[in-house]
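# Fold and contact review
Here's the letter readout for the chains.
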2 protein chains.
Amino acid sequence: MDNPTTHGLEEELRACKQKIQNLLRENEQLEMEMQQMKDPKNSLSSNLIPNECERSMSGEVNSENRYSRLMALQKMGVVSDYTRIIQCSVVIIGIGGIGIVAAEMLSRCGIGELILIDHDSVELANMNRMFYRPEHSGMTKVEAAKQSLTIINSDVKVSGFNLDVTNLDNYDIILSLIQSDTPSRQRLVLCCVDNFSARMSINQLCLEARVPWLESGLSENAVSGHIQFIVPGVTACFACAPPLVVATGLEASLKKEGVCVASLPTTSAIIAGLLVQNALKYILRFGKCTEVLAYNSIQDFFSSYCLKPNPKCSFKLCLQRQEEVIKNSENCMSNNIFLPQQDESIQLEEVSKDNEWNIEVVEEVADEMRENETEVCELKDLTNEELNELLKIS
Amino acid sequence: MDNPTTHGLEEELRACKQKIQNLLRENEQLEMEMQQMKDPKNSLSSNLIPNECERSMSGEVNSENRYSRLMALQKMGVVSDYTRIIQCSVVIIGIGGIGIVAAEMLSRCGIGELILIDHDSVELANMNRMFYRPEHSGMTKVEAAKQSLTIINSDVKVSGFNLDVTNLDNYDIILSLIQSDTPSRQRLVLCCVDNFSARMSINQLCLEARVPWLESGLSENAVSGHIQFIVPGVTACFACAPPLVVATGLEASLKKEGVCVASLPTTSAIIAGLLVQNALKYILRFGKCTEVLAYNSIQDFFSSYCLKPNPKCSFKLCLQRQEEVIKNSENCMSNNIFLPQQDESIQLEEVSKDNEWNIEVVEEVADEMRENETEVCELKDLTNEELNELLKIS
C-alpha cells in the first residue's frame, strides 16, 4: 500500500474524483442559470421581485394568518410599516450553521427575496446544527435549502447559487447578485462563511457594490461568536480591523487530518438570531443597529463597540468610499454607527410603563445601561434613504 | 342571528366541540400512556433510558459522524466528557416558539431523553417562528414535534404528553415525569410556557421534586426576553421575585378579541439558544451558569444578575427548601449561583492565546468584563453531585 506508484495513482484518482464533482456542480449551476434566463420572471437582470405587486400581508388575527404575529409589531408601535420587508432582497453567502438559520428566520418573516450562495454539500456531520435533516445528505446546501424554505413559506422567492465566493472566476456573477438595479428595492448581504479569505472577498464585493452587509462568525471551540455591521465608507470595513476571533490564526492551525472544529447548535442559532435581528432593525427601521457585538457563552458575556474606518486601510475601495462619505455627509454624520429613524425606536423605559408591581431596574444595571449607551456611538437623523444616497454617489 | 336562543345554542355547540376536542386529546394521551405501560422499555417508571447502554458517541472525524463536531468540544478541552449528555433527561414544558427550538437543539446535541409537555395544536399563525411547518397544521404540538425530532435524530428517546400544566388534575402525572427515579440519571426542566399561572405551577412542581429548572420568556412586543436558572432552595424561586416582563401585567391586558401578541423567530431562537446553552453548561459542567439573563433587542442590551431566595417567599415549599439547603451546606456555599466544576471551565483569556496579531481587548471592554464578573456571584467548589446531594435531603 505504501508503494510510491500506488500512492501516486491513488492521489491522481482522488484528484479526478474531485474534478468530476466540481464539474457536476458547475453543470448544475449552469443549468440553474439557464433556467433563470429562459424564464424572464426569474432573470438575474429582472427589475421586479416576482409577485411583489400581488403580495400583501394582513394584520387580521386568526389561526390561518401566518403574518398576524408579525403585523402585531406594527399594531404595537415597534415598527411603522412591517410590509416594507416585501421590498427587500437579502443575499446570504454561506448557508452552514449560521446562514441557514438566518435564511429560515427571514423566510418565516416573509422577506421579499432570498439569494443563497454556497458551494458545499450537506453531510451527516452537519446534523449537530439546526435546519438540515438526514434526508438532505448528499444534496448541495443550496438545493436542500431551496427545497425546505419553499415548503416553509412559498411567498418568499428563494434562489440558490452553487458558487465559491473565493473563486475569482465567480466575482462578476456574485457582484451582479449583490448589486440592486432598482433604487426602490433594498438589498442587504449577510456573510455567514467560515474562513478569512471568503470574508475578504465579500468585503471587496460589498465595497464595490456599495451595499451594507452584516458579517458573522464563530470561534473554533464553538463557545463564542460575533456579528459586525459594515456600511462601506461609514463604518470600518472588514479589512480595517478584522475581529479578534478571526485574527487569532486558530483557523489555519486547526486544518489537520483527523481534527475538526467544534460546533454547537446553540451558539450558531444565537449568532444567527442576533444577525437577523439587526438585519430586521435595519430593514424595518426600528431600534439601534449594533456595529460589533461579541458573545462568549462561558460567562454569558456580551460586548458591543464601534470600529471607525481605518484611514490607512489596505483596501483602496474602502479609502475611496470613506472619501465619498466624508464629502457628502459632513452635515449629518457625527460618528460611525448607522441608526434607523430615531422616532420609530422604542426606549427601554417604554417596555416597563405598565409596571404595576413597581419593580425597578437596580442601580448597577441602570449604570451599565448608561455605560453601554455611551459606548455605542450614534449616527442620528440619517434615514435609510439618506444612507442609500450616500452610498450611491460615485 | 342575534336572537338570544340562537346565541345560546351556538355557545353550547362551541362548548360541546371544545369538549370533544379535549376528550380526543385525553384519549390520545391515554393511548400513549398505555402504549408505554405495555412496553417495559418505555415505562414511565422504568429506571433505564432505552438504548442508554448501547448508545455511544464516536469522536472520529468523518462526514458520516453526526457527533464529530460535538465530541470536538472534548478534544479541545471545553468539556471533560461530552458523552455525559446521554445520561440526561430534559423535560420541556411548553413547545411553542422557545420550547420547540430548545427541543431541536437538544436532539441535535444527542441528549439521552426528551419529555415534551404541551396541550396546544399547530396552526398557520405559528409559522412566524422556527421549526413547525405548514404540513403540521392541525396536529398537536407534541405529535408534530415527536415526528420531526425522531427524523432529525433517532438516537434520542422523545416522548410527548398532551397535558395542560395549569390543570390541577395533571399535577401528579407531571410530577412523576419530572421526578427522576435513578440517581445516576440527571434531570432538568425547561419552562417555555407563555403565561404566569403555568410558571407558578412549574415552580411548585420543581420545588416539590427538588429538580433544577430554567425558566424563559418573551415580552409581548417580541423585542425582549429572559432566562432564569432556578435551583430549589439555592436561588430565588419563581415566586420569590418574578421577572419584570411578567410582572408588568401586560399579559392580561392583551387578551382582547382581534389582538394578539407579537412574536419574532429571532428573539425566540436567541432566548432558546441562551436557555439550552446554559442547560448544556449545567449538564456538561463547563463555564458559568447565569442566574438571570435578560435581552433587549432594541439596543442589543444584555444584563445578568442574581436573585437571592426570598426569606418571606409565599411558597411554603420554597422556605422549606431554603432551610434544607442552609442546614446542609453552610460550608460550601457563599452565594446563590450554581457554578459547575471550576477546573473544567474555560477563561476568556484562553480563547485569545494564539493572538498572533496582538489585537487587545480595549480597556473599556475589559472594565465592563470585570464589572460583569463582580455582578455575577459564584458558588465555588459545588459539583453537580454535591448539588444533587443538597437537593435530595428532605
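Our subject in this report is the structure included herewith. Because the structure is a prediction, the values reported are computed rather than measured.

### Quick notes on the nonpolar core
One finds I92(A), L114(A), L190(A), I92(B), L114(B) and L190(B) to be the most contacted residues of the largest nonpolar core, which totals 142 residues. Those residues in contact with L114(A), other than ones at most four positions away along the chain, are V90(A), I92(A), A103(A), L106(A), S107(A), L149(A), V156(A), K157(A), V158(A) and S159(A).

### Things to note about the pairing of strand β8 (residues 301–305) of chain B
All names here are of chain B. Within β8, four of the five residues are buried, which leaves it mostly tucked inside the rest of the structure. Sheet topology places strand β7 (residues 292–296) next to β8; five bridges connect them, and they run antiparallel. In the sheet register, A294 faces β8, and the bridge partner there is S303. Two successive antiparallel strands, β7 and β8, enclose a turn made up of four residues, where D300 displays a positive phi of approximately 50°.

### Overview of the sheet that holds strand β3 (residues 157–161) of chain A
All names here are of chain A. Read across the open sheet, the eight strands follow the order β3-β2-β1-β4-β5-β6-β7-β8; overall the sheet is mixed. Across the chains shown, the open sheet's two edge strands, defined by having one partner strand only, are β3 and β8 (301–305). Across the sheet, the axes of successive neighbouring strands diverge by a mean angle of 15°, strand direction being ignored. Sheet contacts for helix α6 (residues 196–209): β1 (88–93), β4 (186–191) and β5 (213–218); angle to β5, the most-contacted strand, approximately 175°.

### Focus on the pairing of strand β3 (residues 157–161) of chain B
Residues and elements named next belong to chain B. Taken across its five residues, β3 has five buried, putting it largely inside the fold. The side-chain alternation of β3 yields two buried faces, one formed by K157, S159 and F161 and the other by V158 and G160. In terms of strand pairing, strand β2 (residues 113–117) meets β3 through five bridges, oriented parallel. When the bridges of β3 are listed, E113 appears paired with K157.

### Side note on the packing of aromatic side chains
Overall, the coordinates contain nine aromatic pairs over all chains when judged by the stated rule. Here the aromatic rings of F302(A) and F302(B) are separated by 3.5 Å at their centres, their planes lie at 0°, and the arrangement is stacked. On the criterion of chain membership, the pair formed by F302(A) in strand β8 and F302(B) in strand β8 is interchain, its members lying in two chains. For the pair formed by F302(A) and F302(B), the shared burial category is buried. Through a chain of ring-to-ring contacts, the aromatic side chains of Y295(A), F302(A), Y295(B) and F302(B) assemble into a single cluster.

What counts, and at which threshold
Residues numbered from 1 in each chain as written. Chains lettered and ligands numbered in written order. Predicted model: local features only at pLDDT ≥ 70, side-chain atom pairs only at ≥ 80, totals over all residues. Heavy atoms only, no water. Core = buried A, V, L, I, M, F, W, Y, C linked by side-chain atoms within 4.5 Å. Buried < 20%, exposed > 50% of the residue type's maximum accessible area, 1.4 Å probe, protein only. Contact = heavy atoms within 4.5 Å. Helix = DSSP H or I, 4+ residues; strand = E, 2+ residues; numbered from the N terminus. Pairing = 2+ DSSP bridges. Axes fitted to C-alpha atoms, helices over the stretch in contact; angles between N-to-C directions. Phe/Tyr/Trp six-rings, centres within 6.5 Å; stacked < 30°, edge-to-face > 60°.

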